Amino acid sequence: MVTRIKVGTASCGIAAGAGEVLQLLRKTAEQHGTLSDVPIVEVGCIGHCYAEPLVEVETDSGRYFYEKVEPKQDQLRRILNLEEQGRFRPNEARAQKERTSIMALAGRIEPTSLEEYRGHGGYEALAAAHEMAPEKLVEEVKESRLRGRGGGGFPTGLKWRFLAGKESDNKVLICNADEGDPGAFMDRTLMESLPHLVLEGMLIGAKATGARRLFIYCRAEYPRAVKNLNTAIEQIRAAELNVIDGHAVDIRVKEGAGAFVCGEETGLIHSLEGRRGTPRYRPPYPTDYGFHGAPTAINNVETFANIPQIVRYGASAFTKTGTENSTGTKLFALAGDLQYSGLVEVPMGLSIGEVVFDIGGAERGGVKAVQIGGPSGGCIPAEHFDTPIDYDSLSSLGAIMGSGGLIVIGTNRCMVETARYFLEFTTRESCGKCTFCRVGTKRMLETLERITGGEGSAADIERLGDLGTKIKQGSLCGLGQTAPNPVLSTLRYFNDEYQSHVEEGFCPALECKALVDIFIDPDQCNGCKLCIKACPVNCISEDFVVDNAVCTRCNSCIEVCRQNAISRVAKGGAVRVAS
Amino acid sequence: MEQTAAVERSDLIKTLQKEQETEGYISDEAIERIATEFDVPPVEVEGVVSFYTQFKRIPPGKYHIMVCDGTACHIIGAPLILTWLADALGIRDGETDENGLFSMESVACLGCCSLAPVISINGKVYGKLDRKKLLKTIREYKKAEDSNGRSNQTQSKSTAENTGAAE
Ligand SMILES: Cc1cc2nc3c(=O)[nH]c(=O)nc-3n(C[C@H](O)[C@H](O)[C@H](O)COP(=O)(O)O)c2cc1C
Ligand code: FES
């Protein structure tokens, strides 16, 4: 008998059409007769974003998952009748390698049901924390060796001890939910799917540090996260769960307004104060002088989400997972050239290859590198895929753990262009306060553009390395200090690609526009003229020759050609092939 | 509403967000008005507005297209999507067309990387795009607008007739 039906309506589900599925499912169930009383609820994300929209049917004899559900009544009716078809089976390798601890309840419970969260042991850690002395709590977190999940990897227990040590009744604890890496969505998923878990972690933090004002600084692009958090906050206020040591702590969500640099601690604080989010020199550190001058500590969303299990099961249980210097699990947002993109939680110490191939289902031999850590991180080539994922191993390769964005880069992509992309991002996001970052990143970008534009020289490659090192040393904040990483790491591992751009004027991936021509193979062409019609600049002649001086390399002709007769070739290659 | 309570400086961003939510953008007039409200020089409000990418100083089109240029989408083809859209709409990144119908903006990660490449039109997400799917989507919006436009025209005409008002 069907007891409950769940539809994943986190952002990934909604984008794939879960909203329509939910609506129609409700209607179909109503008409179904026997199912009209069965609750159909919205849940978060289980991490298998590639399979969205996902529907789970709970029955008294087990649970059934259906993937890629379409808003079609006959399909939904089959699901409601528990017919086999469309049953979802996650890949085996993933099931073996992943370790869901913080994500254990994600997508399984209603995000904004306090009752259901508590039914699964929620807020028991907070209750336990109430019985503990603050010093003991801080000590427990220190012993767990939990390191910040926001990128830097600073020991959380130590940060909390700094704040706990301040004499003030005005202390502030901030959850950094700015998630600025343009390929990461771990924090969003946590907030959308398990807002109470994040809040419980924060409340325990308040008890441990004595903070009396809590803020969640959330990216404005995350409306569902903001909504779920606000609902959850109302619920804990009503249930008086925010009362700590007889004092109701104030919790608020504050929305950012789109600025990567506001993920930096001092930039974030300025933004919270309603100003431009320009970072400032540290020291003083926020624990000494933070929000409006009050002692302040900032932790990442995922860091807070780890806290309840540490308190509930103890530091020693926590350290059983992971490696000596990187304990616990880590969430990764997998995307790019792979089969199973989505969110995955793995024990620290798993190898990059295991994540990319076994969990992500990327094609062996089809992958050139992974980009870890976004604009502050680096590219790690396939030959290093046996490296374990932990803070120190990744740093030694010139990447960083970062917040958890992991983009798989296929063999057909250009690494110079990838580096240029990240530099363009950081140049745009630089706040402009310090010269190294403002001017330096701009010069690096111009140099990269010369190289991808076919006008680079050997001296340019040298200049990139030199400038990159100086920007790292001379910049005021973490943005500039890490901005050159994507360039430096590609220079290190993919130097041949840079060389080939400047020496031979050849882009091995045939991606850089200035270094390719469009060629129509007369042997394949059947004269259908679709390409001529599609060309926005009319550069294809009646006898199917492309005027490459006019062509913008928009690929429109390649996309419309049914004969696969049109392709990108190395500049001048058309002549070579034709002759 | 309490008249005496001074607005808190830390609410400035929130206030600007509300303004943009209702008006679609931040006008010169809004900057002056909000500056007075917060008792700060207009240049300071302008400074905050220009710092954050969320705030727009020109009105968006009726259909605002966000083209994801996050890492996953960029690698899988966002630059081509931008080119194709520019060709189809006659506007570039950050512009609004003459009729105020379409506007286009490239943004960082829309958060559905598993559907890359992705665009959103007024918040509705379209994923796994290729040229054909993209142009079809745009055509559908244009078509809906055309028939809409026609019925609007006839409607306003009949209203004018009914009320006897002259154009
Ligand atoms: C340019 C820049 C952007 C950052 N963006 C984020 C972010 O989006 N989310 C985050 O948690 N930390 C971000 N950080 C790191 C934070 O400054 C800070 O170290 C972190 O929030 C501390 O929390 P943790 O110790 O729990 O990791 C960023 C740092 C820099 C320099
Ligand atoms: S990169 Fe486009 S949705 Fe994430």
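Scroll up a little and you will see the structure.
Heads up: these notes are all about the structure in this document. (Residues numbered from 1 in each chain as written. Chains lettered and ligands numbered in written order. Predicted model: local features only at pLDDT ≥ 70, side-chain atom pairs only at ≥ 80, totals over all residues. Heavy atoms only, no water.)

1. Topic: the packing of aromatic side chains
In the structure shown here, the tally under the stated rule is 14 aromatic pairs over all chains. With 5.6 Å between their ring centres and 35° between their planes, B:Tyr63 and B:Phe102 make a pair best called tilted. Separated by 39 residues along the polypeptide, B:Tyr63 in strand 1 (residues 63-68) and B:Phe102 in strand 2 (residues 102-107) bring together distant segments of the chain. Residue B:Tyr63 shares its accessibility class with B:Phe102, and that shared class is buried. Each ring, one from B:Tyr126 and one from B:Tyr141, has its centre 6.3 Å from the other, and the planes form 80°; the classification is edge-to-face. Of this pair, B:Tyr126 sits in strand 4 (residues 124-126) while B:Tyr141 sits in helix 6 (residues 131-163), placing them 15 residues apart in sequence. When sorted by exposure, B:Tyr126 lands in the same class as B:Tyr141, which is buried. Among the aromatic side chains, those forming a connected cluster through ring pairs are A:Tyr50, A:Phe65, A:Phe88 and A:Tyr340. Seen from the ring of A:Phe332, A:Lys330 lies directly overhead, with NZ or CZ sitting 5.7 Å from the centre. For B:Lys124, the ring lying beneath its charged end belongs to B:Tyr126, and the centroid distance is 5.4 Å. (Phe/Tyr/Trp six-rings, centres within 6.5 Å; stacked < 30°, edge-to-face > 60°. Helix = DSSP H or I, 4+ residues; strand = E, 2+ residues; numbered from the N terminus. Buried < 20%, exposed > 50% of the residue type's maximum accessible area, 1.4 Å probe, protein only. Lys NZ or Arg CZ within 6 Å of the ring centre and 35° of its normal.)

2. Some points on helix 11 (residues 223-238) of chain A
Residue and element names in this part refer to chain A. Helix length check: helix 11 (16 residues) gives 23 Å between terminal C-alpha atoms against 22 Å at 1.5 Å per residue, within 8%. Along helix 11, the positions that sit buried rather than exposed are Ala-225, Val-226, Asn-228, Leu-229, Ala-232, Ile-233 and Ile-236. The arc that holds the buried residues of helix 11, viewed along the axis, is 165°, so those residues lie on one side. Projecting away from the buried face of helix 11 at angles above 90 degrees are the exposed residues Pro-223, Lys-227, Glu-234 and Ala-238. (Expected span 1.5 Å × (residues − 1). Arc of directions from axis to C-beta.)

3. Observations concerning the sheet that holds strand 14 (residues 378-381) of chain A
Residue and element names in this part refer to chain A. Ordered in space as 12-11-15-13-14, the five strands form an open sheet in which the pairing is mixed. Whereas interior strands pair on both sides, the edge strands pair on one side only; in this sheet they are strand 12 (342-347) and strand 14. In this sheet, neighbouring strand axes are inclined to one another by 30° on average, regardless of whether the strands run parallel or antiparallel. Pairing analysis gives five bridges linking strand 13 (residues 367-372) to strand 15 (residues 405-410), with the strands arranged antiparallel. By the bridge assignment, Ile-372 is partnered in strand 15 with Leu-406. (Pairing = 2+ DSSP bridges. Axes fitted to C-alpha atoms, helices over the stretch in contact; angles between N-to-C directions.)

4. Regarding helix 13 (residues 301-313) of chain A
Residue and element names in this part refer to chain A. With 11 of 13 residues buried, helix 13 is to be regarded as a mostly interior element. For helix 13, the complete set of buried residues consists of Val-301, Glu-302, Thr-303, Phe-304, Ala-305, Asn-306, Ile-307, Pro-308, Gln-309, Ile-310 and Val-311. Immediately beyond the C-terminal end of helix 13, within one or two residues, lies Gly-314, with a positive phi of roughly 95°.

5. With respect to the interface of chain A and chain B
Contacts between the two partners involve 53 residues from chain A, matched on the other side by 38 residues from chain B. The contact between chain A and chain B buries some 3500 Å² in all, and 55% of this surface belongs to carbon and sulfur atoms. The largest contributions to the chain A side of the interface with chain B come from A:Ala257, A:Arg276 and A:Tyr421, which together make up 16% of the buried area. Between chain A and chain B we count three salt bridges in total. The salt bridge involving B:Asp11 is made with A:Lys254; its shortest N-O contact spans 3.4 Å. Summed over the shared surface of chain A and chain B, the result is 23 residue pairs in polar contact (both at pLDDT 80 or more). (Contact = heavy atoms within 4.5 Å. Buried area = accessible area lost by both parts, 1.4 Å probe. Salt bridge = Lys/Arg side-chain N within 4 Å of Asp/Glu carboxyl O. Polar contact = N/O pair within 3.5 Å; in protein donor to acceptor, adjacent residues only side chain to side chain.)

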